[in-house]
Amino acid sequence: MNRGFYTIMAAQFFSSLADNALIFVAIGLLTAMKAPPSLTPLLKLSFVLFYVLLAAFVGAFADSMPKGRVMFIANLIKVFGCSLIFFGVHPLIACAVVGFGAAVYSPAKYGILTELLPAEKLVAANGWIEGLTVMSIILGTVMGGALVSVHGGAWLMTLDFPVLETGIDTPVKASLAVLIAVYAVAAVFNLRIPDTGARYEHQERNPVKLIADFAECSATLWKDKLGQISLAVTTLFWGAGASLQLILLEWAKRSLHMPLDKATTLIGVLAVGVAVGAAMAAKMIPLRKSLTVIPLGIIMGIVVMSMTLVYSVTIATPLLLLIGLLSGFFVVPMNALLQHRGHVLMSAGHSIAVQNFNENLSILTMMAVYAIMLTLHLDMNVIIILFGFALAGLMYLIGRRHAANQREHDSLALIGEHKH
């Protein structure tokens, strides 16, 4: 890997660190406001809303200029969204603005990998990126838990800058100032990302034509025998992963009797497992063997259902570590395969935009279903069983679809194909 790749990783780490910490700070803010529990999944829903609404446009924007510059602009939007809470804007709206920046950021972040690296290095690169992203989730979760805790907020308020009058007079404002500083560090690394020299033909600006172009790109990936399988798996994974984070917080509260700032450590444990699984996949699974990991998704769904039998933190920790390991091991090869097929069939920015649209539509759907379940006051064990069963069942159907594709034609021969 070259120096530019490591600069991208650093920028991604700090930006993702702030994103993940912000979610928990916002959850803590909702708790302080005595908001109903059903608003918590809506917080995540507001964050990913623009991934879906802007999907037809952010790919073209990412391909319209060097991707380091796109990432810098996106980080400025995140800083603006984070700052809105200072002025009394509701956390749901502030998170939506930060999500707007994240939606702009994502096609550039992943798209630059296909410009910078050859196809045979994409699994390893995704292993690095996912591992580091998961590390940012771990530290962001811990950081968010610390910022919303009584002791963390009190400690931040003891910090004093004699020369500078900051106007920070509450623990929430102090927490947000920390997050803005982290976004600023990410922006500095964005400016250091090298220009890969990749240039795409003039990008369309007509919204109607952009939507038609996006629909064509989406149809192309779903019709491709390898694209449809990898897209289905990653779509399911990211929707399930977002749901599992919030389910864990509520499960820890009801079954393990843990407060929010302690429950966030369980998400950290899950993320450690994902990091280990991602690293193992990067080392062990070449791109041509990527589809062999599909059965692990079925096993993951079954293991998730066993959470209903656990009422001890001692048992919960290794169980969550195993769930994370399985998910990290099967999503990294699928992600790399999807990026490869997208790069072969269309431009990097457009393919990642299609991926983001489907994955975040999945998150929106699962968050909405989870919010409805909470509104109906379903028992948490029932929710977990339904979630695990749906995950295992859908992964089984995806595996059957791949087997049917193989009977028609050896789609694995497409791996390594040159760009059309």
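One can find the structure itself at the top, above this paragraph.
Small disclaimer: the values here were computed from a predicted structure and weren't measured. (Residues numbered from 1 in each chain as written. Predicted model: local features only at pLDDT ≥ 70, side-chain atom pairs only at ≥ 80, totals over all residues. Heavy atoms only, no water.)

Now for the nonpolar core. L179, W251, M307, I323, M380 and M395 are the most contacted members of the largest nonpolar core, which totals 101 residues. The biggest single contributor to this core is helix α10 (residues 225-254), with 15 residues. Excluding its chain neighbours within four sequence positions, the residues that come into contact with M380 are I247, E250, W251, R254, Y370 and L374. Counting 32 residues, the second-largest nonpolar core is a separate cluster that includes Y110, L113, A125 and L231. (Core = buried A, V, L, I, M, F, W, Y, C linked by side-chain atoms within 4.5 Å. Buried < 20%, exposed > 50% of the residue type's maximum accessible area, 1.4 Å probe, protein only. Helix = DSSP H or I, 4+ residues; strand = E, 2+ residues; numbered from the N terminus. Contact = heavy atoms within 4.5 Å.)

Let us look at the side chain of Q355. Checked against the element boundaries, Q355 lands in helix α14 (residues 348-375). Discounting residues that sit within four places of it in the chain, Q355 has contacts with L231, T234, N335, L338 and Q339.

This part is about unusual backbone geometry. One non-glycine residue, H257, lies in the positive phi region at around 55 degrees. Along the chain, H257 falls in the loop between α10 and α11 (260-284). On the accessibility criterion, H257 (66% relative accessible area) is exposed. Even without being a glycine, H377 presents a positive backbone phi close to 60 degrees. If you trace the backbone, H377 turns up in the loop between α14 and α15 (380-408).

Attention now goes to the packing of aromatic side chains. Under the definition given, this model contains 7 aromatic pairs. Between the aromatic rings of F14 and F189, the centroid separation amounts to 5.8 Å while the plane-to-plane angle is 10 degrees, which identifies the pairing as stacked. Placement of the pair is F14 in helix α1 (residues 3-32) and F189 in helix α8 (residues 171-191), with a sequence separation of 175 residues. Three or more aromatic residues joined by ring pairs make a cluster, and in this case those are F13, F14 and F189. One Lys or Arg, K78, reaches over the ring of Y105 and ends 4.6 Å from the middle of that ring. (Phe/Tyr/Trp six-rings, centres within 6.5 Å; stacked < 30°, edge-to-face > 60°. Lys NZ or Arg CZ within 6 Å of the ring centre and 35° of its normal.)

Our next topic: the packing of α10 against helix α13 (residues 313-345). Look at α10 against α13: their axes get within 9 Å of each other, and the N-to-C directions meet at 150 degrees. With respect to their mutual orientation, α10 and α13 come out roughly antiparallel. Crossing handedness for the pair α10 and α13: left-handed. Listed contacts from α13 to L226, G227, S230, L231, V233, T234, F237, W238, L244, L248 and W251 of α10 are A316, L320, I323, S327, F330, V331, M334, N335, L337, L338 and R341. The class makeup of the residues in the contact of α10 with α13 is 16 nonpolar, 5 polar and 1 charged. (Axes fitted to C-alpha atoms, helices over the stretch in contact; angles between N-to-C directions. Parallel < 35°, antiparallel > 145°, perpendicular 65-115°, else oblique. Left-handed = near helix turned anticlockwise from the far one by under 90°. Nonpolar A, V, L, I, M, F, W, Y, C, P; charged D, E, K, R; others polar.)

This part is about a nonpolar patch on the surface. Taken together, the side chains of V272, V276, M280, M284 and L321 make up a nonpolar region of the molecular surface, amounting to roughly 380 Å² of accessible area. Counting residues per element, the nonpolar patch draws most heavily on α11, at 4 residues. (Patch = residues over 30% accessible without salt bridge, like charges linked within 9 Å, V, L, I, M, F, W, Y side chains within 5 Å. Areas by Shrake-Rupley, 256 points an atom, 1.4 Å probe, with all protein chains shown as cover. Salt bridge = Lys/Arg side-chain N within 4 Å of Asp/Glu carboxyl O.)

Under the counting rule described, the total for this entry stands at 4 salt bridges. We note a salt bridge from D19 to K78, for which the minimum N-O separation is 2.9 Å. Linking D19 in helix α1 with K78 in helix α4 (residues 67-84), this pair joins segments that are 59 residues apart in sequence. Overall, the relative accessible area of 1% leaves K78 in the buried class.

This next bit is on the environment of C95. Mapping C95 onto the fold places it in helix α5 (residues 91-116). Residues C95 and C82, 13 residues apart in the sequence, show an inter-C-alpha distance of 7.3 Å. Residues contacting C95, with those up to four places away along its chain left out, are A26, L43, S46 and F47.

Each α-helix winds once per 3.6 residues, and so residues spaced three or four apart point in a common direction. With 33 residues, α13 ought to run about 48 Å at 1.5 Å a step, and its terminal C-alpha atoms sit 47 Å apart, in line with that. N-capping of α13 is provided by S312, with a side-chain oxygen placed 3.2 Å from the backbone N of T314. (Expected span 1.5 Å × (residues − 1). Polar contact = N/O pair within 3.5 Å; in protein donor to acceptor, adjacent residues only side chain to side chain.)

Structurally, V58 can be placed in helix α3 (residues 55-63). Considering only alpha carbons, one finds V58 and V354, 296 residues apart in sequence, at a separation of 9.8 Å.

So, about the side chain of S218. Relative to the helices and strands, S218 is located in helix α9 (residues 207-223). You can call S218 buried: its relative accessible area is 12%. Ignoring anything within four residues of it in the chain, the contact list for S218 reads V354 and N358.

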